[in-house]
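Each chain, letter by letter, is given below.
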Amino acid sequence: MMMKDADRGRAVFAGLGRVVLAATVMLGVGWIGPTAVAQECDPAQIFGPPSVYAHGSSPYSAVDGDFNGDGRVDIAVAYYGRILRVFHGNGDGTLEFADAYISTGGQFRSIDAGDVDGDGDLDLVAVRRNWGPSGLVLVNDGTGVFDVADFFGTPAVTNVLVRDFDRDGHLDIAVGNDEGDSVTVWIGHGDGTFPPQDPHTQAVGSSPFWLDAADLNGDGVLDMAVTNAGSTDISILLGRGDGSFNPEQRIDPLHSPFTIHLRDLDRDGNVDIVVANRDGTNSISVFKGEGGGSFEPENVHAVGQGPYGVSSSDFNGDGLLDVVIANRHSDDVSLLVSRSGGQFDEYR
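Residues numbered from 1 in each chain as written. Predicted model: local features only at pLDDT ≥ 70, side-chain atom pairs only at ≥ 80, totals over all residues. Heavy atoms only, no water.

Peer 1: Give me the overall build of the protein: which residues, what numbers.
Peer 2: In terms of helices and strands, the protein carries 1 helix and 28 strands. Taking all 348 residues of the protein together, 56% fall into the buried category. Across the protein, every contact between residues at least 6 apart in sequence was considered, and the portion connecting residues at least 24 apart equals 44%. When the accessible surface of the protein is summed, it comes to about 13200 Å², and 49% of that surface belongs to carbon and sulfur atoms. (Helix = DSSP H or I, 4+ residues; strand = E, 2+ residues; numbered from the N terminus. Buried < 20%, exposed > 50% of the residue type's maximum accessible area, 1.4 Å probe, protein only. Contact = heavy atoms within 4.5 Å. Areas by Shrake-Rupley, 256 points an atom, 1.4 Å probe, with all protein chains shown as cover.)

This is the structure:
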C-alpha cells in the first residue's frame, strides 16, 4: 500500500530533481537531538550522501509507493521531456530502473498515485502541459507495469491530486487549471475511469499552480488549499463532501507563494500551511492553523536560494513535524526543526 505521506516524496524529489537532472535519494542515517539549535543541526547527521539515478533530463515530479507488491518502496518520476519512469526499490535504499511511458505530446508536470480501479494495486495519475486531454490514468497490472486506462482534463493544468473528495470509497482526481483560474475535481467510479460528465469546478485566484488537500476545518471532509501564481495569494476551498467546494476564501500573504504543503506540524489538532515563496526572498511562509479553516498571520523563515519542494517528517523523534525544503538555485536542502508553539530552529 502507498505510504500515507506519498506526496511528501513528490515535493522533495521534484525540487531536487530539477537541480541535478536525475532522481535523487537521500537515506536517513540518524536523529538529531530534540533540542538542537540551528547551528548544531547538520543535515549530514540525518542524511547520508545522495544516490543519483540519471535516466533522463528535467525530472519534474515524483511519487513513492509499493508499485510491484514486494513490500519495498518504489518511485515513479515524471520528466518534463514527455517521459514517465518507474524505479523499483531494492529494500536497501537503492533503486533499479523498471519501466517507462513515453507521452505522444506535452510535458509532464505532476504525478500522484492511488488505487483508482479498486484492485489493491497502486496506479498512477499524471498530467501534461500544453496537451489535451492533459491527464493520464495509468493502471497497474499488479507487477508494476502500467497501461493507459483513461484520459481527462484540458491542456492548461498544473498539478494533480488523487484523493477521495466525495467520500464514496473511490478515489477522485483534482487538478489546477492555469488558464481557467479554477480547480476541477473529476469523480472516480472505482474502475479506473473518470467520466467527463459534470466534473466539479471551483473558481480560485489567477493562474493556480499547486494544490494540496487536508481536513482544514475538522468536519471530516477533505478541503483544498491552492497557491495562485498570478494573483500571488492562496485560495482555501472547504469541501462539501460530494466533491464540490464552498466559495473560496483568500489568504493574502506577504510574499508570492509557489508550492504548498498541508500538515499539522505542531500536533495541536489543526492543519498548518507551509508555502515556498518564489519572489526572490529565498524564504518559506508558515501559516499556523487555528481550526475552522482559518489561519494565523504567516511566519517567514529564510531558507536556501530558489526554494521549490516542501515536505515534512519527524526527523528528530520529538513528535513534532520538521520541515525540509529543496532549493533549486543553491543546489541544497534546508531543514527547519520544529519547536513547540509552531516555531522552528533554522538550518540552511
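Peer 1: I'd love a proper account of the sheet that holds strand β19 (residues 257–263), names of residues and values included.
Peer 2: Strand pairing in a sheet is mediated by backbone hydrogen bonds. Such pairs are either parallel or antiparallel. Taken in spatial order, the 4 strands of this open sheet run β19-β20-β21-β24, and their pairing is antiparallel. Either end of the sheet is taken by a strand with one partner, and the two such strands are β19 and β24 (299–302). When strand polarity is set aside, the average angle formed by the axes of neighbouring strands in this sheet is 25°. Here β19 runs beside strand β20 (residues 272–277); their pairing, made up of 5 bridges, is antiparallel. Bridging from a neighbouring strand, I260 pairs with V275 of β20. (Pairing = 2+ DSSP bridges. Axes fitted to C-alpha atoms, helices over the stretch in contact; angles between N-to-C directions.)

Peer 1: Go over the confidence of the model for the protein with me, naming the residues and quoting the values.
Peer 2: Residues with a pLDDT of 70 or more make up 82% of the protein, whose mean pLDDT is 83. This stretch, residues 1–23, has a pLDDT under 50; its non-local contacts, to residues over four places away or in other chains, come to 73 contacts. Per-residue pLDDT stays below 50 along residues 26–41; that stretch engages in 43 contacts with residues further than four places along the chain or on separate chains. (pLDDT = per-residue confidence, 0-100.)

Peer 1: Explain the pattern of salt bridges to me, using residue names and the numbers behind them.
Peer 2: Evaluation of the coordinates by the stated rule reveals 6 salt bridges. A salt bridge links R163 to D112; its shortest N-O distance comes to 3.1 Å. Highlighted residues: R163 in strand β11 (residues 157–163) and D112 in strand β7 (residues 107–114), separated in sequence by 51 residues. Neither R163 nor D112 differs from the other in exposure class; each is buried. Salt-bridge contacts for D233 lead to R250; the nearest nitrogen and oxygen are separated by 2.7 Å. Remark: R250 occurs in strand β18 (residues 249–251) and D233 occurs in strand β17 (residues 233–237); sequence separation between them is 17 residues. Among the residues examined, D233 registers a relative accessible area of 7% and is labelled buried. Residue classification places R250 among the partly exposed residues on the basis of a relative accessible area of 43%. (Salt bridge = Lys/Arg side-chain N within 4 Å of Asp/Glu carboxyl O.)

Peer 1: I'd like to hear about unusual backbone geometry, residue by residue, with values.
Peer 2: In this model, D181 sits at a positive phi of 50°, which is unusual for a non-glycine residue. Its place among the elements puts D181 in the loop between β12 (172–177) and β13 (182–186). Phi is positive for D331, which is not a glycine, with a value near 55°. On the secondary structure map, D331 appears in the loop between β26 (322–327) and β27 (332–339). The exposed category is assigned to D331, whose relative accessible area is 53%.

Peer 1: Residue-level account of the pairing of β26, with values.
Peer 2: Burial of β26 is extensive: 6 of the 6 residues sit out of reach of the surface. In β26, alternate side chains face the same way, and those of D322, V324 and A326 on one face and V323, I325 and N327 on the other are all buried. Here 6 bridges tie strand β25 (residues 307–313) to β26, and the two strands are oriented antiparallel to one another. Looking at β26, one finds that G309 is bridged to A326. Relative to β27, β26 is paired through 5 bridges, and the arrangement is antiparallel.

Peer 1: Can you break down the sheet that holds β18 residue by residue, with the values?
Peer 2: Spatially, β15-β16-β17-β18 is the arrangement adopted by the 4 strands of the open sheet, whose pairing is antiparallel. Edge positions in the sheet fall to β15 (208–214) and β18, since each of these pairs with one other strand and no more. If you compare each strand with its neighbour and ignore which way they point, the axes differ by 25° on average. Relative to strand β16 (residues 223–228), β15 runs antiparallel, the two sharing 6 bridges. Considered in β16, the bridge of P208 is made with N228.

Peer 1: I'd love a proper account of the packing of aromatic side chains, names of residues and values included.
Peer 2: Applying the stated criterion to the full structure yields 9 aromatic pairs. On the numbers, 6.0 Å between centres and 70° between planes, the contact of F165 with F245 is edge-to-face. With F165 in the loop between β11 and β12 and F245 in the loop between β17 and β18, this residue pair connects regions lying 80 residues apart in the sequence. Judged by its relative accessible area of 4%, F245 falls in the buried class. Ring pairs connect the aromatic residues Y60, F209, W210, F258 and Y308, which therefore count as one cluster. The aromatic ring of Y79 is capped on one face by R85, whose charged end is 5.1 Å from the ring centroid. (Phe/Tyr/Trp six-rings, centres within 6.5 Å; stacked < 30°, edge-to-face > 60°. Lys NZ or Arg CZ within 6 Å of the ring centre and 35° of its normal.)

Peer 1: Give a detailed account of the environment of L237, specifying residues and quantitative values.
Peer 2: Mapping L237 onto the fold places it in strand β17. On the basis of relative accessibility, which here comes to 0%, the residue L237 falls in the buried class. Measuring from C-alpha to C-alpha, the distance between L237 and V183 comes to 9.8 Å, with 54 residues separating the pair along the chain. Not counting residues within four places of it along the chain, the set of residues in contact with L237 comprises V183, Q202, A203, V204, D223, M224, V226, F245, N246 and E248.

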